[in-house]
Amino acid sequence: MKPARFALKITVNILTIIGCLSGAIQLMRPFSFVEWIETAPSVDRSQQLSDTFETLSRNLGWQGSVKYIVNGSKKIDKIWSKYPDIFANDRPFQINSMSKQFTAAAILRLQEQGRLSIYDPRCNFFAKFCEGDKKIVTLHHLLTHTSGLAPTFTLDDFIWTISPKEIAEQTIKLTGTPGKTFEYSNFGYQLLSAVIAKITGLEFSQAMKILVFSPAGLSHTQVYTSGIDPADLALGLSTWILSPLGPTLHAPVPRFATNRANSYGAGAILSTPEDLLKWAKHISQQEFLTKESYAQYLQPALKDYALGWAILDDSGERLVWHNGGSTGLHSDFYIGENDTYLLVMSNTHAIGNDIAKAMNSIQNLMTGKPYLLPQERKWIPSFSLSFLNNN
């Protein structure tokens, strides 16, 4: 390994120069930078994906599990991690916004049962939506992020005591015209969770089990509830620290129990690699929902967003995709033609935007576009030289 080349940044901060002065040098938080090099896609996508994740692990400290399947054959099934047990096939992993695909599927299942229509006004279920301009907001608007709702829930903190019904009773204001603008809204999917709970008369977690998880054979997929021990979940590596041996990651720390619980269908679902690949097969082979439901499920509205999925087809190859992330945990899920699936589950917290940039590179690679690869990270110590008044 080549020795790191360090540059010294000295910032002089003159506070006061009166009489006798003394100087003090303080070691500040180190900063770093990564140079990214554009790379052309190749015909051998499997090898290029493998090489790319190897580079991300080596140069960014990225850690995670990658499963890449083509025509039912595993091309990549590898874990890059100091803690491989985190990615065990039966260990629940917080999939965050990837939860939305399951919530959308539950709404379609209720439609198949004749209990609602995705074009029903939200007003049919909760009186708060019968006021003013909110009357025209439909379930389809909520599913496709075209409702005009604000992006996030308005409470200061996510807390256990908020139920789907209480979420639905919050004061709601539109920030756009329903059906005319796209605004990614977690709040919209929380409201859909409230609809599912009301129609079924069950707790949201139980309704999802009956409508989706059990009939789809997803035995390790569930909604996060207060009864789940965070220690049983996959945990994120939260921050970088600078040690005598160089930059390292903290040990896993729980990040989910206190801040994602009441996101419900927007981001509170737990799953495993094994279950997610089983779910991908259901979607690819259209064997869980009806043909009519799948047509609605994967039909994009504005910004190429369908029902809980984004549709990527600008490269000529249609990909169904979604990601999900929170502090220390990130997932990307692609379903392509010919039973092609790519599932990336990472427990590495982003350093700046580096991890997000890396996942954007994976998306470019999957869609046949040039993509960026990180070179070796350079860590630079930072010092502050201050002159202080002793008087």
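Residues numbered from 1 in each chain as written. Predicted model: local features only at pLDDT ≥ 70, side-chain atom pairs only at ≥ 80, totals over all residues. Heavy atoms only, no water.

S.K.: I would appreciate a short explanation of the pattern of salt bridges in the present structure.
M.R.: Side chains that differ in charge, positive against negative, can pair when their charged atoms come close. In total, this model carries four salt bridges according to the counting rule given. Residue Asp77 pairs with Lys67 through a salt bridge whose shortest N-O separation is 2.7 Å. A residue pair is termed long-range when its members are at least 10 positions apart, and Asp77 in strand 5 (residues 73-80) and Lys67 in strand 4 (residues 64-70) qualify at ten residues. When its relative accessible area of 8% is taken as the criterion, Lys67 is described as buried. A network of salt bridges, in which partner residues are shared, links Lys67, Lys74 and Asp77. (Salt bridge = Lys/Arg side-chain N within 4 Å of Asp/Glu carboxyl O. Helix = DSSP H or I, 4+ residues; strand = E, 2+ residues; numbered from the N terminus. Buried < 20%, exposed > 50% of the residue type's maximum accessible area, 1.4 Å probe, protein only.)

S.K.: Just checking my understanding: could you explain the sheet that holds strand 14 (residues 340-346) for this structure?
M.R.: What links the strands of a sheet is backbone hydrogen bonding, and the strands pair in either a parallel or an antiparallel sense. Spatial strand order, 5-4-14-13-12-11: six strands in an open sheet with antiparallel pairing. If you trace the sheet from one side to the other, it starts and ends with strand 5 and strand 11 (310-312), each paired once. Neighbouring strand axes in the sheet, compared pairwise and without regard to direction, differ in orientation by 15° on average. With seven bridges connecting them, strand 4 and strand 5 associate as antiparallel partners. (Pairing = 2+ DSSP bridges. Axes fitted to C-alpha atoms, helices over the stretch in contact; angles between N-to-C directions.)

S.K.: Help me out: how do you make sense of helix 2 (residues 100-112) in this one?
M.R.: Residues separated by three or four positions in an α-helix point in the same direction, a consequence of the helix having 3.6 residues per turn. For helix 2, built from 13 residues, the straight-helix expectation of 18 Å at 1.5 Å per residue is met to within 8% by its first-to-last C-alpha distance of 18 Å. Within helix 2 the residues assigned to the buried category are Lys100, Gln101, Phe102, Thr103, Ala104, Ala105, Ala106, Ile107, Leu108, Arg109, Leu110 and Gln111. Positive phi appears at Gly114, one or two residues downstream of helix 2, with a value of about 75°. (Expected span 1.5 Å × (residues − 1).)

S.K.: Could you clarify how one ought to interpret the sheet that holds strand 7 (residues 222-223) in this entry?
M.R.: Taken in spatial order, the three strands make up an open sheet running 6-10-7, and their pairing is antiparallel. Either end of the sheet is taken by a strand with one partner, and the two such strands are strand 6 (93-94) and strand 7.

S.K.: Quick question: what am I supposed to make of the environment of Val137 here?
M.R.: Summarising the element assignment, Val137 is placed in the loop between helix 2 and helix 3 (139-143). Judged by its relative accessible area of 0%, Val137 falls in the buried class. Apart from the residues within four sequence positions on either side, Val137 is in contact with Asp120, Pro121, Arg122, Cys123, Phe129, Leu142, Ser147, Leu174 and Pro178. (Contact = heavy atoms within 4.5 Å.)

S.K.: Sorry, what's going on with the packing of helix 1 (residues 45-60) against helix 9 (residues 354-366) here?
M.R.: Between two packed helices, both the angle of their axes relative to each other and the distance between the axes serve to describe the pair. Running from amino to carboxyl end, helix 1 crosses helix 9 at an angle of 170°, the nearest separation of the two axes being 11 Å. With respect to helix 9, the element helix 1 is oriented roughly antiparallel. Between helix 1, through Arg45, Gln48, Leu49, Thr52, Phe53, Leu56 and Leu60, and helix 9, the contact on the second element is made entirely by Asp354, Ile355, Ala358, Met359, Ile362, Leu365 and Met366. Split into classes, the residues belonging to the contact of helix 1 with helix 9 amount to ten nonpolar, two polar and two charged. (Parallel < 35°, antiparallel > 145°, perpendicular 65-115°, else oblique. Nonpolar A, V, L, I, M, F, W, Y, C, P; charged D, E, K, R; others polar.)

S.K.: Would you mind showing me how to read the nonpolar core here?
M.R.: Across soluble globular proteins, nonpolar side chains have a tendency to be buried as a group. With 98 residues, the main nonpolar core has Phe53, Phe102, Met208, Val212, Trp279 and Tyr297 as its most contacted residues. Residues in contact with Tyr297, not counting those within four places in the same chain, are Gln101, Ala104, Ala105, Leu108, Trp279, Ile283, Leu289, Ala306, Leu307 and Trp309. (Core = buried A, V, L, I, M, F, W, Y, C linked by side-chain atoms within 4.5 Å.)

S.K.: Before we go on, may I ask you to explain the side chain of Gln101 in this structure?
M.R.: The residue Gln101 is located in helix 2 in this model. A relative accessible area of 0% places Gln101 in the buried class. Sequence-distant contacts of Gln101, defined by excluding residues within four places in its chain, comprise Trp279, Tyr297, Gly308, Trp309, His322 and Phe333.

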